[in-house]
Amino acid sequence: MIERRTFFTAVLVVALATAGCVSGPGQQATDGTADETPAGTDSATVPPTDTDVPRQSGEVEWPDGPKERPDRPDEWSESAAREFVKTHEYRYAYNSLWYGDASDVNLECEVHSSSPAGDGYEVVVSCTGYSNTQTVVDEGGTPVEMHADWFTQTFTYYVDDDSIVRERTDG
């Protein structure tokens, strides 16, 4: 009898622990996408998924600093998108770490993935770095070095002829 009670208790605990984690037909899955077409509808009436919806257009607000935004390539290809995004993120991070002519900025950037998306490309990039800036406290003061870290930050870009969308990516 005790074994049967232990079994049913264990089943109840598992059922309660996973409640809401599993979706049924026509319900929203935990990632926000429909898990299957609702009964009585055809694919023509199902709302579009994230991959069907055009990306937001716009430009990334550019930080002050010595680096200019890179020019878009004349023709987009996956390799051109990768190079453009890597350069864009490097210059963006550089300007964010730059405090003046006395700044010594060190950065390393890498592209993790890329793929065609809509009329453009989606590219995941990260940079890691730091800057040291030597400043003088006052006319007779001792120079002080300011240090700023740019811990590894990963961003997903969507780029095309009209847009540069930059979104923070966890992980």
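In the block above lies the structure referred to throughout.
Per chain, residue numbering runs from 1 following the sequence as it is written. Thresholds applied to this predicted model are a pLDDT of at least 70 for local features of residues and 80 or more for the giving and counting of side-chain atom pairs; totals over whole chains, interfaces and linings are not thresholded and use all residues. The basis for every side-chain value is the complete set of non-hydrogen atoms in the structure, without hydrogens or water.

Draft legend 1. Spatial organisation of the packing of aromatic side chains. Only the six-membered ring of Trp is used, alongside the rings of Phe and Tyr, when aromatic pairs are assigned; centres must lie within 6.5 Å, and planes under 30 degrees apart are stacked while those over 60 apart are edge-to-face, with the rest tilted. Counting across every chain of the model gives 3 aromatic pairs. Plain terms: the ring middles of Trp76 and Phe84 are 5.6 Å apart, the flat faces sit at 90° to each other, and that makes the pair edge-to-face. For the pair shown, Trp76 and Phe84 are each scored as buried. Summarising the aromatic geometry, the rings of Tyr90 and Tyr94 are spaced 6.1 Å apart at their centres and angled 40° between planes, so their arrangement reads as tilted. Residue Tyr90 and its partner Tyr94 are both found in helix H2 (residues 78-97); the two are separated by 4 residues, about one turn of the helix. Residue classification places Tyr90 among the partly exposed positions, given a relative accessible area of 28%. For each residue, the accessible area found with a 1.4 Å probe, counting protein chains only, is set against the maximum for its type, and the residue is called buried under 20%, exposed over 50%, and partly exposed in between. Secondary structure elements follow DSSP: runs of H or I no shorter than four residues count as helices, runs of E no shorter than two count as strands, and numbering proceeds from the N terminus.

Draft legend 2. Highlighting the pairing of strand S1 (residues 103-117). Any two strands with at least two DSSP bridges between them are considered paired. In the sheet, S1 pairs with strand S2 (residues 120-136) via 14 bridges, with the strands oriented antiparallel. By the bridge assignment, Asp104 is partnered in S2 with Asn132. If you look at the hairpin formed by S1 and S2, you'll find 2 residues sitting between the two strands, and Gly118 has a positive phi there, around 60°.

Draft legend 3. Quick peek at the sheet that holds strand S4 (residues 164-169). A sheet is described by the order of its strands in space; here 4 strands give the open sequence S1-S2-S3-S4, paired in antiparallel fashion. Two strands in the sheet have a free side with no partner beyond their single neighbour: S1 and S4. Taken pair by pair, the neighbouring strands of this sheet meet at an average axis angle of 25°, ignoring direction. On top of the sheet, H2 reaches S1, S2, strand S3 (143-159) and S4; it is set at about 150° to S1, its chief contact. Between the N-to-C directions of two axes lies an angle of 0 to 180 degrees, each axis being a line fitted to C-alpha atoms and, for a helix, fitted only over the stretch in contact. Working rule for contacts: check all heavy atoms of both residues, and any pair within 4.5 Å makes them a contact.

Draft legend 4. Representation of the pairing of S4 in the model. Of the strand pairs in this sheet, S3 and S4 are connected by 6 bridges, and their pairing is antiparallel. By the bridge assignment for S4, Phe155 is matched with Arg168. Here S3 hands over to S4 after 4 residues, the two strands then running antiparallel side by side.

Draft legend 5. Spatial organisation of the pattern of salt bridges. Any Lys or Arg side-chain nitrogen found within 4 Å of a carboxyl oxygen on Asp or Glu counts as a salt bridge. The tally for this structure, following the rule as stated, stands at 3 salt bridges. For the salt bridge of Arg69 with Glu59, the shortest nitrogen-to-oxygen distance reads 3.6 Å. A residue pair is termed long-range when its members are at least 10 positions apart, and Arg69 in the loop between helix H1 (2-18) and H2 and Glu59 in the loop between H1 and H2 qualify at 10 residues. A relative accessible area of 42% places Glu59 in the partly exposed class. Within this structure, Glu59, Arg69 and Arg72 form a network of salt bridges that share partners.

Draft legend 6. Inspection of the state of the cysteines at higher detail. The disulfide criterion is simple: two cysteine sulfur atoms within 2.5 Å. In this structure the tally under the stated criterion is 1 disulfide. In this model, Cys109 is linked to Cys127 through a disulfide, with the two sulfur atoms separated by 1.9 Å. A torsion of 110° about the S-S bond marks the disulfide between Cys109 and Cys127 as right-handed. Of this pair, Cys109 sits in strand S1 while Cys127 sits in strand S2, and the two are 18 residues apart along the sequence. Pair check on accessibility: Cys109 and Cys127 agree, each one buried.

Draft legend 7. Spatial organisation of H2. Expected span of a helix: the number of residues minus one, times 1.5 Å. Its 20 residues give H2 an end-to-end C-alpha distance of 29 Å, which sits within 8% of 28 Å, the value for a rise of 1.5 Å per residue. Buried within H2 we find Ala80, Ala81, Phe84, Val85, His88, Glu89, Tyr92, Ala93, Tyr94, Asn95 and Leu97. Those residues of H2 hidden inside the fold are in contact with S1, S2, S3 and S4.

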